Amino acid sequence: MSIAVNLEQVRKQVDDLILQNNRESNSVRLLAVSKTKPIENIMAAYDAGQRQFGENYVQEVVDKCLALSDLNDIEWHFIGSIQSNKTRLVAQNVDWVHTLDREKIAVRLNEQRPENLPPLKVCIQVNISGELTKSGISLSDLPKLVEFVTALPHLELRGLMAIPAPQSSIQSQVEAYQPLLLAYNDLKMRYPNIDTLSIGMSGDMAAAIHSGSTMVRIGTAIFGSRQ
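Colleague: Requested: an account of the overall build of the protein chain, with residues and values cited.
Modeller: Each helix and strand in the protein chain was counted, giving nine helices and eight strands. Computed over its C-alpha atoms, the radius of gyration of the protein chain comes to 17 Å, within 12% of the 17 Å expected for a compact globule of 227 residues. When the backbone C-alpha atoms are referred to their principal axes, the protein chain occupies close to 45 × 40 × 30 Å. Counting all 227 residues of the protein chain, 48% fall into the buried class. Total accessible area computed for the protein chain in this model is approximately 11000 Å², and 49% of it derives from carbon and sulfur atoms. Positive and negative charge centroids in the protein chain, built from 22 and 25 side chains respectively, lie 3 Å apart.

This is the structure:
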């Protein structure tokens, strides 16, 4: 199956889930997770109309940004963990960061965002399952970090992101997302720029869209298995 065909099928799945859940059309954006995939694969998706791409590794996203710098309508999303010594590369090259979870990283991204670029769009990563092996802050710590980030002039807080622990059923997945959805809806009422709930991957896309996702992160279903 070609990448273009895969993209068409995933978009249809998203559209069907939007309809099933009585959501507004085009209310869920598709982020194509292109990590470890070659430039040729990204170009195939681009030629099929995809513009938002997600990367997990700093040097890889920098290399791809440079290689495709003539395509100025590509939107690069960084969805991996951020080390302090890599914040400058992230701040200088991507449009979005989904994995902000510390004041220290927020300060560095803000200070290192070039003046000639618009504010870096960020989502705060929340660890909704309390897993010690996962990044993200607790929901109880979220208000403090939100207040801190919204005061930084070169960052634009747009929403929340989460990767919940695997669940045995769609209902369990939906239940796991409910506290996050409540927090997201509360933020939307208080901050006008909040419009992004980055939840849902191949294994829980149905539950995520049911739970209010505005951006799903899909890789294998578009590009095939990673090497």
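Colleague: I'd like a description of the pattern of salt bridges, backed by residues and values.
Modeller: Counted according to the given criterion, the structure contains eight salt bridges. With a closest N to O distance of 2.9 Å, Lys-64 and Glu-55 form a salt bridge.

Colleague: How would you summarise unusual backbone geometry if you had to cite specific residues and measurements?
Modeller: Look at Asn-26: it is not a glycine, yet its phi comes out positive at around 65°. If you check the backbone angles, Thr-36 has positive phi at about 70° while not being a glycine. Owing to a relative accessible area of 39%, Thr-36 belongs among the partly exposed residues under this scheme.

Colleague: Go over the pairing of strand E8 (residues 215-218), please, and point to the residues and values.
Modeller: Burial along E8 is two-sided: Met-215 and Arg-217 and Val-216 and Ile-218, pointing in opposite directions, are all buried. The pairing of strand E1 (residues 29-33) with E8 spans four bridges and is classified as parallel. If you follow Ala-32 over to E8, its bridge partner there is Ile-218.

Colleague: Let's hear about the environment of Gln-52: which residues, and what values?
Modeller: Along the chain, the position of Gln-52 falls in strand E2 (residues 52-55). For the pair Gln-52 and Leu-117, spaced 65 residues apart in sequence, the C-alpha separation works out to 18 Å. Excluding its chain neighbours within four sequence positions, the residues that come into contact with Gln-52 are Leu-30, Leu-31, Ala-32, Glu-75 and His-77.

Colleague: Describe in detail the side chain of Glu-55, supporting the description with residues and values.
Modeller: Structurally, Glu-55 can be placed in strand E2. Owing to a relative accessible area of 0%, Glu-55 belongs among the buried residues under this scheme. Polar side-chain contacts of Glu-55 include one of 2.6 Å to the side chain of Ser-34. Ignoring sequence-local partners within four residues, the contact set of Glu-55 consists of Ser-34, Lys-35, Thr-36, Ile-42, Glu-60, Val-61, Lys-64, Trp-76, His-77, Phe-78, Ile-79 and Gly-80.

Colleague: Can you lay out the packing of aromatic side chains for me, pointing to particular residues and giving the numbers?
Modeller: Under the definition given, this model contains one aromatic pair. Ring geometry for Phe-53 versus Trp-76: centroids 6.0 Å apart, planes at 40°, classification tilted. Separated by 23 residues along the polypeptide, Phe-53 in strand E2 and Trp-76 in strand E3 (residues 75-78) bring together distant segments of the chain. When its relative accessible area of 0% is taken as the criterion, Phe-53 is described as buried. Among the residues examined, Trp-76 registers a relative accessible area of 5% and is labelled buried. Geometry around Tyr-46 places Arg-51 over its ring, the cationic atom sitting 3.7 Å from the centre.

Reading the values: rules and limits
- Residues numbered from 1 in each chain as written.
- Predicted model: local features only at pLDDT ≥ 70, side-chain atom pairs only at ≥ 80, totals over all residues.
- Heavy atoms only, no water.
- Helix = DSSP H or I, 4+ residues; strand = E, 2+ residues; numbered from the N terminus.
- Rg over C-alpha atoms; globule rule 2.2 N^0.38 Å.
- Buried < 20%, exposed > 50% of the residue type's maximum accessible area, 1.4 Å probe, protein only.
- Areas by Shrake-Rupley, 256 points an atom, 1.4 Å probe, with all protein chains shown as cover.
- Lys, Arg positive; Asp, Glu negative; His and termini not counted.
- Charge placed at Lys NZ, Arg CZ, Asp CG, Glu CD.
- Salt bridge = Lys/Arg side-chain N within 4 Å of Asp/Glu carboxyl O.
- Pairing = 2+ DSSP bridges.
- Contact = heavy atoms within 4.5 Å.
- Polar contact = N/O pair within 3.5 Å; in protein donor to acceptor, adjacent residues only side chain to side chain.
- Phe/Tyr/Trp six-rings, centres within 6.5 Å; stacked < 30°, edge-to-face > 60°.
- Lys NZ or Arg CZ within 6 Å of the ring centre and 35° of its normal.

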